Amino acid sequence: MERAANISLAAWPRARESDRARVSVRLFAVILVASAGVSAALASWLPLQVSILTVFLFAGPHNWFELRYFLMRLPARFGRSRNFFAVAFTGIFLLTAAYLAMPALYYANLWSGANWPDAMATWNTLLLLWLGALVMMRSRQSSRRDWFWMLPVVFLLCALNWLQPQLFSLAIVYIHPLVALWFLDRHLRRTRPEWRRTYHRCLILLPLLIAGMLWQLSRTSSLADDNGLFWRITQHAGADLLPSVSSHMLVSLHVFLELLHYGVWIIALPLIGATGALWSVRTIPLARRRGGFPKLIAAVLVFGLFVVGVLWFGFSVNYAAMRDVYFAVAIAHVLAEAPFLLRMI
Amino acid sequence: MKRTFVLCTAALLLIGSALFAFGDIARPKPTPAPGKVLFHTGLQIVPDSKAYEARLQISQETLQRIREATANSPANTSMTQRIMQSSTRTVMAGMFMFLAISFAGVWLARSTQRRGQKAIAGALLVVGMLGAATVIVRANAGPPGYYYWQKLPENLTKGQGTRGGLDIEIVSGDDGIKLIVPMKTNKAPGEE
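Scoring rules and cut-offs
- Residues numbered from 1 in each chain as written.
- Chains lettered and ligands numbered in written order.
- Predicted model: local features only at pLDDT ≥ 70, side-chain atom pairs only at ≥ 80, totals over all residues.
- Heavy atoms only, no water.
- Helix = DSSP H or I, 4+ residues; strand = E, 2+ residues; numbered from the N terminus.
- Buried < 20%, exposed > 50% of the residue type's maximum accessible area, 1.4 Å probe, protein only.
- Contact = heavy atoms within 4.5 Å.
- Areas by Shrake-Rupley, 256 points an atom, 1.4 Å probe, with all protein chains shown as cover.
- Buried area = accessible area lost by both parts, 1.4 Å probe.
- Salt bridge = Lys/Arg side-chain N within 4 Å of Asp/Glu carboxyl O.
- pLDDT = per-residue confidence, 0-100.
- Core = buried A, V, L, I, M, F, W, Y, C linked by side-chain atoms within 4.5 Å.

A.B. asks: Is there a simple way to think about the overall build of chain A in this case?
C.D. replies: Along chain A, the regular secondary structure elements total 15 helices and zero strands. By the burial criterion, 49% of the 345 residues in chain A qualify as buried. Sequence-distant contacts, at least 24 apart, represent 80% of the contacts inside chain A between residues at least 6 apart. Accessible surface, chain A as shown: approximately 17100 Å² in total, 68% of it carbon and sulfur.

A.B. asks: Mind showing me how you'd approach the interface of chain A and chain B here?
C.D. replies: Accessible area lost on assembly of the parts is the figure often given for the size of an interface. Taken together, the contact between chain A and chain B spans 19 residues of the former and 18 residues of the latter. Note on chain A versus chain B: buried area summed over both sides is about 1800 Å², and carbon and sulfur give 77% of it. It is A:Phe148, A:Phe155 and A:Trp162 in chain A that bury the most area against chain B; as a group they hold 33% of the surface buried on that side. At the junction of chain A with chain B, the criterion picks out one salt bridge. Note that A:Asp118 is salt-bridged to B:Arg89, the shortest N-O span being 3.2 Å.

A.B. asks: Which parts of the structure should I look at to understand the confidence of the model for chain B?
C.D. replies: The predicted coordinates of low-pLDDT regions are not to be read in fine detail. Residue and element names in this part refer to chain B. Here chain B averages 68 in pLDDT, while 47% of its residues score no lower than 70. Of all helices and strands in chain B, the one with the weakest mean pLDDT is helix 3 (residues 79–85) (55), whereas helix 4 (residues 87–110) scores best (86). Below a pLDDT of 50 lies the segment residues 19–23, which in the model reaches zero contacts outside its immediate sequence neighbourhood of four places, other chains included. This complex was scored by the predictor with a pTM of 0.68 and an ipTM of 0.79.

A.B. asks: Got a minute to help me understand the nonpolar core in this structure?
C.D. replies: For soluble globular proteins, the rule of thumb is that nonpolar side chains tend to be buried together. Residues and elements named next belong to chain A. Membership of the largest hydrophobic core comes to 103 residues, with the highest contact counts inside it found for Phe183, Leu184 and Phe256. The element contributing the most residues to this core is helix 11 (residues 247–271), with 15 residues. In this view, Phe256 contacts Ala36, Ser39, Ala40, Ala43, Leu206, Leu209, Ile210 and Met213; residues no more than four positions away in its chain are not counted.

Right under this line is the structure:
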């Protein structure tokens, strides 16, 4: 028990004075508001172009920053969280494999894709049940948490998913970027609680910006998706599922949320010192502990940088194909966010 | 062994020839796709003794609405039709809905906190009010559509107009425009 308490504290090092001096709360708020405003303007103005450029530049690096962050949040010893992490990592692996298997089987002509919505609904159900299991396990780790009410919510979401599996998947596409804002909130709560009030005030701007974008773009004509790449981008934003909605609005909204997501992982969290010194593995508990794995962690991070380079190279050679591959593989980082966010609640 | 081989070969040849013969059969006529309601509007039937030809007059505004509805209509079926067409998904959705309600009940039963009970009581009150409001609104809803069209023959005989609800459907084929009027007959079964 005592060890578990120490692990928890070790995973949340207090921000040092040098880190605290790195940025003031006012500058933090200005950066947040300015970033959100510029992102909304760019996404509304040139949605397709900004989407292409954003994914090219930030998709890989933001995954590396997430990996770095998750390694920092991973406790040095799992202790009584062993089962939680076992279920989490097994779920991430199996769900990612199943997600990648669906298009792989289709393109290998081993599956016609005739019952694609049913397959998608099954995958979504497994995802929800996995999340439900994690929530229940996390709830049992403390007597103060009673999250039993989450079970009916999970089953209700399963029911809605089976009614409209494709719309449910589209909802994940739009909701996932917002999870980064939740991460930032939880991190501020632990390390800089005095900043949270300012942060919450800044968050009020988000629905206003989204409402403004919807109001401005709802009557715009749909984007010309006459080439393969543009078609992929509009489909990813849900143009096929929501034919009566302007694809300009859908793509702009999705790009705006993606920009926020990348901004939090690449700018906001490192700015407040959440990822520690990027070049030092000593800020990672698994590497720092006695008998830890500093070389393994360093190798993982270097390999991550190599993957980022490969991703950039792939985008340069065949952007459209690489984009498809990236968004298929990227489901792993979407899934990985769930257990780490639950550990922070 | 040899006899079995010959019999199997003959059977395979027979099946093969059947496949070829089937290839000459005309393609089955595809089942016509069900119509799709684009929007709801009204229709008035007016008898005109001076008219030589029957006319279906569509106002400019209605025509514009038809154009817009057709332009916005996706090529595939509607949401309700998609749900109804997949029995597996309906069954799964129903099962999870049942589980959701069951676990919500368990959660309500084991919830002992006073604050929680107040919140639940408030939620139930809101749901009850919404339900009551729904019943009240339904009570003020008009009679079913066929009620208005029942008077059509009588009104036509009297030379009077009849007004009732109308769904505009877009159907496949080239049968022009068909007006289907709901008429309830009072004849007993078997009576002609």
